[in-house]
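# Report on the structure
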Amino acid sequence: MSDDDFLEELKRDFLNEALFMMEQYEESMLALESSQEPQEHIGRIFRVAHSIKGGAAAVGFEDLSHFAHKAEDLLTLLRVTPEKINTEIITLFLSVGDQFKLRLTQLQTTRDASWDVEDLETQLLKWIKNFQSTEASAVSLADCEVPVSSEAGAEDITNYELLAQLEADIKSTEQAAAKPVVEDFFKPQQIEELKSQQKEATPEVVAQPASVLMEDKVPLIQPKSTTGGPAEGAHKKAVVVENTILKVDSLRVDAVLDVVGEIVVLKNQLLHSDVVSQGENQRLTFIVDQLDKSIRDLYEKTLGIRMTPLRSLFTKLQRTVRDVSVKLDKPVDLQLLGEETEVDRSVFELLGDPLMHMARNAMDHGIESKAERLQNGKPEMAKLTIAAKQVGASVIIEISEDGRGIYRDKVLKKAIEKGLVPAHLKPEELSDDQVYQFLFAPGFSTAEKVTDLSGRGVGLDVVKSNIEKAKGQVRIRSNPGKGSTFEILIPLTTSITDGIVVAISGQRYMIPIHSIREIVQFRDAEVTQVANLGRVLKIRNKLTPVIDFRQTLENSTFLDGKNIKLIEKSDAQKTYIVLELSSGLSALPVDEVLGQSQVVAKPLQVGHPVPEFSGAATLGDGRTILILEPNALAQSKVGAA
Amino acid sequence: MSKIEGGRYLTFMLRDEYYGVPISKVREINQITEITPVPKTPQFVEGVVNLRGKILPVVNLRQKLGFEKVVYNRETCIIVIEAEMGHVGVVVDAVREVVDLKEDQIEVPPNMGDETAMKFLSALGKQEDRVIILLDVDLAFSEDEFTKSMGSFSKSA
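This write-up is about the structure you can find in this document. Just so you know, these numbers come straight off a predicted model, no measurement behind them.

What counts and what doesn't
Residues numbered from 1 in each chain as written. Chains lettered and ligands numbered in written order. Predicted model: local features only at pLDDT ≥ 70, side-chain atom pairs only at ≥ 80, totals over all residues. Heavy atoms only, no water. Helix = DSSP H or I, 4+ residues; strand = E, 2+ residues; numbered from the N terminus. Buried < 20%, exposed > 50% of the residue type's maximum accessible area, 1.4 Å probe, protein only. Contact = heavy atoms within 4.5 Å. Pairing = 2+ DSSP bridges. Axes fitted to C-alpha atoms, helices over the stretch in contact; angles between N-to-C directions. Salt bridge = Lys/Arg side-chain N within 4 Å of Asp/Glu carboxyl O. Expected span 1.5 Å × (residues − 1). Parallel < 35°, antiparallel > 145°, perpendicular 65-115°, else oblique. Left-handed = near helix turned anticlockwise from the far one by under 90°. Nonpolar A, V, L, I, M, F, W, Y, C, P; charged D, E, K, R; others polar. Core = buried A, V, L, I, M, F, W, Y, C linked by side-chain atoms within 4.5 Å. Polar contact = N/O pair within 3.5 Å; in protein donor to acceptor, adjacent residues only side chain to side chain.

## Details of the overall build of chain B
Along chain B, the regular secondary structure elements total 4 helices and 11 strands. Counting every position in chain B, which comprises 157 residues, the buried fraction comes to 53%. Of all intrachain contacts in chain B linking residues separated by at least 6 positions in sequence, the fraction that spans at least 24 positions is 57%.

This is the structure we're talking about:
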């Protein structure tokens, strides 16, 4: 993939994502009008504006980023004083939202249409000034005021840098090989020239100067199209954009999966019905046979819809890191590991924003400036590693850098200042992890200045809320002076589970395959009782504790009166599933191994959580099966002892 | 007791008694199928079943109301009810019919002392030849009810 195609892909992704986010924006904006608790909605709106600002800057839509920054400024003030919100402000923000949407839609088809938001910007500034003069005491101005002129200047430089970079990219592509060196990108005829030389890759090259020029109030260059109004732009979109990404609510996919699962079950019943299995009607047998194949295919493809490799997320990260690296003049050696790791689509979507924020955060706050690094005896080139791997039932993504690290005292001081430390806790008794968790509190930011990358204290807040939505955790490890590691741990249980079906005490259960190390056989005589702590197995000279789940089940009341036959115990060899747990290896005795299966795990809804089971699923024959959660199983053994 | 209003009720049998639930709360009626028992759940929870890809908890209403359990037969049904916590399958002896009860046919039940069964009765419906015991679905299948009587893993506990 050439760099141009790559950038184009990123831009497309950003536009799709941003348009998707705008739905949230509008929803919250409208909810704000009638809500008693505006704080939550403002927070959401603010995050959308913040994401658009950061995302747009990363892919080079400077005008969008600039405008979003202005909106964000006002939102920052409103966040502190939500009582100030009135209909006029909501109307203003709705128009702002319309402009965002208009621009995003426009950019999907053409990169050289004009966009005039001067009027709205003036209005935003008017409110910001208004609030700042009246509310100076309530808001820490240093945190939210952005000097407009210097900011714009900074963005111009960035833009120029981006262009310079693009120029380099273009030079490296084959079409550009014969092209004369372009000294000044801002000259219209040269853009025209570029356009004619580059084929599909050109639009964004043209778009760059166009957006800059617009800010400078210089007449726009529009090589081909005349200025397209919003309606025209929208109309064009339908024609021009090919290979669109379909954004589907995962609930819909789940609904389809449910139905497909049911079809599989019905198909199996048909397959095993007397009429078909006796094979008297050849035509029927043939049709059912074909149906069987098609339905299997359908089932597999439907399951596959939800799984996505992290690759595309990683490429986005790569680009972001590169841009930030140039912008902040912090050379970095970026390592991406495990991009083939697959995650559930819902997890994938929730991961995008947090990873982006964390990567920016690492670049902006973690890694020091060149001078500071040299002063501390570190190499000028910083190291940033983003690694993903599947461990048991989870995916772990680590973002580590060799930057300045996090100073516990600094964080603690700020947390106390902001009133985040509960009164009953003694600050000095908090663990490092507890202290670091304050970084994720809304509004927390130790950065001294606000940049358009991070530093408003929303980034990590977004990180945490998104990760928690995916039932994951974020942990921070840090070594002051040497660097930090942010670790995201996200479970896979919401998605498809590949597992082995076993029988224990006459019931069938599924054990997730990723927690299985091996399957072994032992006689009862070979199992050693260790005092009253439990039993152990000696597997290749290593003592492995036995999880007596069977005993636990047979002692429990749940099977009473449920007509379950227990398998007779004999002295024959017993099968043990060796499980890989967070605490090490453990062996789970089972009556029988029945086979392997891939299922869609559903939450087990029985009114209260049962930690021993991560969910339930339906097997091909229509029967429901419980999925064991090996870690909790080992715990429950301890509890019963 | 705000639930006492006229309307259509689905009637079913438990022992020899007629019971009723508002038809608006009934999603569907299924034949009894294989139920997967779940450890650590209250005794009255039979387990879970698959209903077109969804996993539902199944409650044995006899046990829930403190009656003795019986072996399932051809008439045993699972009524899928829309409770606050989601859909719940309810095992009943047999399903009868949908009846239309006018407001004046419904009465607050007299106090009859049996705590377990009485707790979930919202009213009595009177028809010429019989009395229909109307259940308070939201109360009987609230999340609270499940947690309160949560089973344990060990008999001694």
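## Quick word on the sheet that holds strand β4 (residues 382-391) of chain A
Residues and elements named next belong to chain A. Overall, mixed pairing links the 5 strands, which are arranged β2-β4-β5-β7-β6 in an open sheet. The two strands at the open ends of the sheet, each matched to only one other strand, are β2 (332-337) and β6 (473-479). Across this sheet, the average inter-strand angle for adjacent strands is 10 degrees, counted without regard to direction. Note: β2 against β4, 6 bridges, orientation parallel. Bridge assignment links L337 to a residue of β4, and that residue is A387. Along the sheet face, helix α14 (residues 311-328) touches β2 and β4 and points at about 175 degrees away from the line of β2.

## Some details on the pairing of β4(A)
Where β4(A) meets strand β5 (residues 394-401) of chain A, 8 bridges bridge the pair, whose relative direction is antiparallel. The partner of A:A388 across the bridge, within β5(A), is A:I397.

## Focus on the pattern of salt bridges
Residue and element names in this part refer to chain A. The tally for this structure, following the rule as stated, stands at 29 salt bridges over all chains. For E8, the salt bridge goes to R12, with nearest N and O atoms at 3.7 Å. In this pair, E8 and R12 both sit in helix α1 (residues 3-34), 4 residues apart, roughly one turn of the helix. Under the relative-accessibility criterion, E8 is labelled buried at 15%. Here E368 ties to K378 by a salt bridge, and the two come within 2.6 Å at their closest N and O atoms. Of this pair, E368 sits in the loop between α15 (345-366) and α16 (370-375) while K378 sits in the loop between α16 and β4, and the two are 10 residues apart along the sequence.

## Notes on α14(A)
For an α-helix, 3.6 residues make a turn, and residues three or four places apart therefore share a direction. All names here are of chain A. Here α14 is 18 residues long and its end C-alpha atoms lie 26 Å apart, about the 26 Å a rise of 1.5 Å per residue gives. Listing the buried residues of α14 in full gives L313, F314, K316, L317, R319, T320, V321, D323, V324 and S325. Two residues or fewer after α14 comes D329, characterised by a positive phi angle close to 55 degrees.

## Quick word on the sheet that holds strand β4 (residues 45-51) of chain B
All names here are of chain B. The strand order across the open sheet formed by 5 strands is β3-β6-β7-β5-β4, and the pairing between neighbours is mixed. Lying at the two open borders of the sheet, with one neighbouring strand each, are β3 (26-31) and β4. Ignoring which end each strand starts from, the neighbouring axes of this sheet average 30 degrees apart. When strand β5 (residues 54-60) meets strand β7 (residues 86-92), the two strands line up parallel, connected through 3 bridges. In the strand pairing of β7, V58 is matched with G89.

## A word on helix α2 (residues 38-59) of chain A
The end-to-end C-alpha distance of α2(A) is 32 Å, a good match for the 32 Å that 22 residues give at a rise of 1.5 Å each. Burial runs high along α2(A): 18 of the 22 residues are buried.

## Description of the packing of α14(A) against α15(A)
All names here are of chain A. Where α14 meets α15, the closest approach of the two axes is 10 Å, and the angle between their N-to-C directions is 25 degrees. What the angle tells us is that α14 and α15 run roughly parallel. For the element pair α14 and α15, the recorded crossing hand is right-handed. Residue-level contacts link S312, L313, K316, L317, T320, V321, V324, S325 and L328 of α14 to F348, L351, G352, L355, M356, A359, R360, M363 and D364 of α15. Broken down by class, the residue content of the contact of α14 with α15 amounts to 11 nonpolar, 4 polar and 3 charged.

## A look at the nonpolar core
Membership of the largest hydrophobic core comes to 55 residues, with the highest contact counts inside it found for A:F549, A:L588 and B:F141. At 4 residues, strand β6 (residues 77-83) of chain B tops the list of elements feeding residues into this core. In this structure B:F141 touches B:V59, B:L61, B:I81, B:A83, B:M85, B:V88, B:V90 and B:F146, once residues within four positions along its chain are discounted. Residues A:V321, A:V324, A:L355 and A:I386 belong to the second largest nonpolar core, which totals 48 residues.

## Notes on the environment of B:L14
Residues and elements named next belong to chain B. You can see L14 is positioned in strand β1 (residues 7-14). You can call L14 buried: its relative accessible area is 0%. Excluding its chain neighbours within four sequence positions, the residues that come into contact with L14 are Y19, L61, R62, L65, F67, V92 and D93.

## Digging into the side chain of A:S484
Residues and elements named next belong to chain A. Topologically, S484 is positioned in strand β7 (residues 483-491). Here S478 takes part through its side chain, which lies 3.2 Å from a polar atom of the side chain of S484. Those residues in contact with S484 that lie beyond four places of it in its chain are I399, S400, E401, G405, I406, R477 and S478.

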